[in-house]
Amino acid sequence: MSNAFAPRPFEEFDDEFELDAGPAAPNAYMPDGDDGSLDAFEDAVVDHHQASPFMGPTGGVPAIAPPPGHRSNTAGTRSDGFNPVGDLQASATTAMSPMSMSGSQTAEVSVPRIAIHVFAERQDTLAAAERAGQDRRLSRATTQIRVGGVAAAVEAYRHEPTPPLIVVECMQDPQTLLQEVDQLAEVCDAGTKVVVIGAANDILLFRELMRRGVSEYLVAPLQPLQLISAIGGLFADPAQPFVGRTIAFVGARGGTGASSVAHNTAFAMSERIGANTVIVDYDLPFGTAGLDFNQDPLSGVADALSQPDRLDPVLLDRMMVRCTDKLSLFAAPATLDVDWDISPEAFEEVTTQIRSTAPFVVLDLPHLWSGWMRRTLIAADEVVIVATPDLASLRNAKNMIDLIRQGRPNDAPPRLVLNQVGVPGRPEIPAKDFGTALGVHPSLIIPFDPKVFGVAANNGQMILDAGGKSKVADAFQTLAQIVSRRELPVIAGTRGKPGKGEGKSIFSGLFKKKT
C-alpha cells in the first residue's frame, strides 16, 4: 500500500523543523496569510487535514487534550507568549475537569461496538489505557492493550487486519515519530483511525500528523478520562446533536420513596430550572409514574422494550406522554398480565435511544436485582441512592455503593439521599453516622412530611404544586440543581433584584463578594 500520509518529501519537513532551535520568530509557525489567531490556526488544520487510510470520510478535526496541569516547554511556544497548542490544552483541561465531565456542559461520550488496540510504551500509559478500557463509556467496545510502541503495531499488522481504532505511543523525537507513522500507514487498512501519543507539545508536529491523516494527537502523560474523551470524539454521530445525561434513582430497600424523589426531582428540573426532561419508569409491573402525574398509563416503555430495533425519534415521540411543555413521561404499564422477561440488551438500547430526545433522562428503577439493573446502574451518568435512616437501608446502600464504585472506577461515587427523616417515635441512625459508614456524605436530607406527600399523591400532583412553600419542596429544588449542575434562572423583581422566593440557588453564595 502506498503511503498516503506524506504528500511532500520528509526532508522538506526536516529542514523546517528544529525542535532544539531558539525562540521562533513571529508567525514562524503560522502559514502564509495567518494572523496568529486561534481561528486562523484551526482553519489551517482543516486545510491540511486530508483523507488517508488512517481517517475515513467522516473524520473530523482532532483536538489536543492533555492531562490537567500538564505544561510542556517546547518550540511550539513563541517568544511573545503565543501558544495555540497550549490554548487548546487549557480549554481541554477545563472541559476534562471533574465538574465539567459530569456536568451538563460536556457532551457525553458514546463509543460503538468496535475493537480498540493500544500499543503503549510507558507504564503510566498502560495503566491509563487499562482503566479506560474498564470504563462504562467503553463497555461496548473491545479493548486490547499491548506493550510496545509504533514498531510493535507495525509488526503486528503485517500479519493481521487492523481494527477500527489504533492507539500508539511514541516517546521518540518528532522526526522519528513521523518516520514510524509513515511505516504504520503502510500496513493499515483504509478507514482505520489512529491516535498518536507523544512527548512533544508542538504545533508544527501536530499539523504534520494531521496532514498525514492521524485522527488525534495527545501529549503524555495521559489520564483515563482524557483518552476516553478523545476516543468518543472520533466516533461521535454528526446526525445526533447531543446525548442526554441519564440520572438513575434507585431505592436502597422497598418503601424508601425513590420513585417519589425521582419524579419530583425531574419535575423541579423541568419547571424550575427549565431543562427538557424525560422520566422513564422501568418498574413495569408496579410503576407509579402515571399515577403521580395523573396520566393514563400508556404502554410506552413496554412497547419500546419489545421492539428496540425499530425505535426512531418519531416513534419515541408517539410513545411518550407530555406532562408539561418541558417534561415528558415514559410510563410503565403497571399490569401483571405479562411476566416481563426482557433482555438487558433491550433496556440498554431503549435507554440509548431515549437519551437523544432530551438533555436529561431520569430513570426510575425498581427495587429488584437482575442483570439489566446492574448494567443500567453502572452505565448511568449519575446514580442517586434513596435510603431511609435504618439498618436495612444502610446495609443495602453500602452493597450498592461498593458495587457501583467497582464498576465505575473513573466516576464520582453515587449520591445519597436520606428520605423520611424525623418520623415521630421511630429510632433512626443519625445522618452523620449513616454517611460515615458508607463513605458518602448525604447530598440531601428530606424531612418526613406525610401531609404534603399525601395530598400530592392523592391529587396526582408534584410537591412543588401541592406544597410549593414547604421545606420538602425546597429540598427537591435543591436536589434538582445538584444532579443537573444548573442554577435556577434569576427572575427580576423590584429594582432589578430577584423576586421573593425566585432565583435562589445553592451556588449563588459562591459568587457573593465578601466585604
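Sequence order sets the numbering: in each chain, residues are counted from 1 along the sequence as written. Local features in this predicted model are restricted to residues whose pLDDT is 70 or higher, and side-chain atom pairs enter the listing and the counts only when it is 80 or higher, whereas totals over whole chains, interfaces and linings include all residues. Only hydrogens and water are set aside when side-chain values are computed; all heavy atoms of the structure are taken into account.

Here we come to the sheet that holds strand 1 (residues 115–120). Only strands joined by at least two bridges in the DSSP assignment are considered to pair. Under the DSSP-based scheme used, a helix requires at least four consecutive residues in state H or I and a strand at least two consecutive residues in state E, with every element numbered from the N terminus. Here we have five strands laid out as an open sheet, ordered 2-1-3-4-5, and parallel in their pairing. The open sheet has two edge strands with one neighbour each: strand 2 (142–147) and strand 5 (216–219). Sheet twist, expressed as the average angle between the axes of neighbouring strands with direction ignored, equals 15°. Across six bridges, strand 1 lies against strand 2 in parallel orientation. Note on method: axes are straight lines fitted to C-alpha atoms, helices fitted across the in-contact stretch only, with angles between N-to-C directions ranging 0 to 180 degrees.

A few words on the nonpolar core. Ranked by internal contacts, the top residues of the largest apolar core, which has 42 residues, are Val280, Tyr282, Phe330, Leu365 and Ile385. For this core, the leading source of residues is helix 16 (residues 391–407), giving five residues. Beyond its immediate stretch of four places on either side in the chain, Ile385 contacts Val250, Ala252, Ala397, Met400, Ile401, Ile404, Pro414, Arg415, Leu416 and Val417. Counting residues in each nonpolar core, the second largest holds 38 residues, with Ala258, Ala262, Leu444 and Val472 among its members. To define a nonpolar core, start from buried Ala, Val, Leu, Ile, Met, Phe, Trp, Tyr and Cys residues and group those joined through side-chain atoms within 4.5 Å. Summary of the burial criterion: residues with accessible area below 20% of their type's maximum are buried, those above 50% are exposed, and those between are partly exposed, where the area comes from a 1.4 Å probe applied to protein chains only. Whether two residues are in contact is decided by their heavy atoms, any of which lying within 4.5 Å being enough.

A pairing counts as a salt bridge when a side-chain nitrogen of Lys or Arg comes within 4 Å of a carboxyl oxygen of Asp or Glu. The full count for this structure, using the stated rule, is 20 salt bridges. With a shortest N-O distance of 3.1 Å, Arg136 and Asp381 are connected by a salt bridge. On the criterion of sequence distance, the pair formed by Arg136 in the loop between helix 5 (123–133) and strand 2 and Asp381 in the loop between helix 15 (371–379) and strand 11 (382–387) is long-range, its members being 245 residues apart. Classification of Arg136 as buried rests on a relative accessible area of 10%. Judged by relative accessible area, which is 8%, Asp381 ranks as buried.

The subject of this paragraph is the sheet that holds strand 9 (residues 327–330). The sheet built from eight strands is open, its strands ordered 8-9-7-10-6-11-12-13 with mixed pairing. The open sheet terminates on both sides in strands that have one partner only, identified here as strand 8 (321–322) and strand 13 (444–447). In terms of strand pairing, strand 6 (residues 245–251) meets strand 11 through five bridges, oriented parallel. Residue pairing in the sheet places Phe249 in a bridge with Val384 of strand 11. Contacts between helix 15 and the sheet are confined to strand 6, strand 10 (360–364) and strand 11, with strand 6 contributing the most and set at about 130° to the helix.

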